Amino acid sequence: MTRTRVGEFEELIMLAIRALDDAASCRAVQTMLEERAERAASLGSIYATIDRLERKGYVESWVDTPAEGIARRGRFHRVTTDGVDALDGMDRIRDSLREGAFSTGAPRGE
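These remarks concern the structure in this document. Counting from 1, residues in each chain are numbered in the order their sequence is written. Predicted model: local features are reported for residues with pLDDT of at least 70 only, side-chain atom pairs are reported and counted for 80 or more only, and whole-chain, interface and lining totals are derived from all residues. Only heavy atoms go into the side-chain values, all of them from the structure, while hydrogens and water stay out.

**Things to note about the side chain of glutamate 10**
As for its placement among the helices and strands, glutamate 10 is situated in helix α1 (residues 8-20). There is a polar contact of 2.8 Å between the side chain of glutamate 10 and the backbone nitrogen of glycine 7. The criterion used for residue contact is that any of the two residues' heavy atoms lie within 4.5 Å. In contact with glutamate 10, other than residues within four places in its own chain, are Arg5, Thr49, Arg52, Leu53 and Lys56. Here a helix means four or more residues in a row that DSSP labels H or I, a strand means two or more in a row labelled E, and each is numbered from the N terminus. Polar contacts, as counted here, are pairs of nitrogen or oxygen atoms within 3.5 Å of one another; within protein the pair requires one atom able to donate a hydrogen and one able to accept it, and residues that are adjacent in sequence qualify only if both atoms are side-chain atoms.

**Digging into the side chain of serine 25**
Residue placement: serine 25 occurs in the loop between α1 and α2 (26-36). Buried, partly exposed and exposed residues are distinguished by accessible area as a fraction of the type maximum, computed with a 1.4 Å probe on protein chains only: under 20%, between the cut-offs, and over 50%, respectively. Exposure remark for serine 25: the relative accessible area of 18% places this residue in the buried category. Separated by 3.1 Å, the side chain of serine 25 and the backbone nitrogen of alanine 28 make a polar contact. With sequence-adjacent residues up to four places away left out, serine 25 is seen in contact with Arg75, Phe76 and His77.

**Overview of the packing of aromatic side chains**
Aromatic pairing here means that ring centres of Phe, Tyr or Trp (its six-membered ring) are within 6.5 Å. Orientation follows from the plane angle: under 30 degrees is stacked, over 60 is edge-to-face, and everything else is tilted. Under the criterion given, the structure shown has one aromatic pair. The criterion for a charge sitting over a ring is simple: Lys NZ or Arg CZ within 6 Å of the ring centre, and within 35 degrees of the ring normal. One Lys or Arg, arginine 78, reaches over the ring of tryptophan 62 and ends 4.1 Å from the middle of that ring.

**Section: the nonpolar core**
Here the nonpolar core consists of buried residues drawn from Ala, Val, Leu, Ile, Met, Phe, Trp, Tyr and Cys, with membership extended through side-chain atoms lying within 4.5 Å. With 23 residues, the main nonpolar core has Ile13, Met14, Ile17, Val29 and Ile46 as its most contacted residues. Those elements giving two or more residues to this core turn out to be α1, α2, α3 (43-56) and α4 (81-102). Residue contributions to this core peak at six residues, all from α1. Beyond its immediate stretch of four places on either side in the chain, isoleucine 13 contacts Val29, Leu33, Ile46, Thr49, Ile50 and Leu53.

Have a look at this one:
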């Protein structure tokens, strides 16, 4: 598979999905982004991003059957092995850039 970088919002979505484990519905992802990332996100943008991540092979989804007394089915998501690799790759890039940015101890831009 060709390596595809992920954008900031895609990365946040995948991190939220990983943290939520098998309870990663779009609504739960939205709540986590609002609480932990202090970032508002519409359900539409989350759905669109998850669909894009599915096309990249980084997220997979399934529909769970409703429990007794619950009228609606739920769509849930998980990060794939390729998605975990992409997240790890972004961590390596970020670490490498930080190392270069702070290695001299001198303030940048002066």
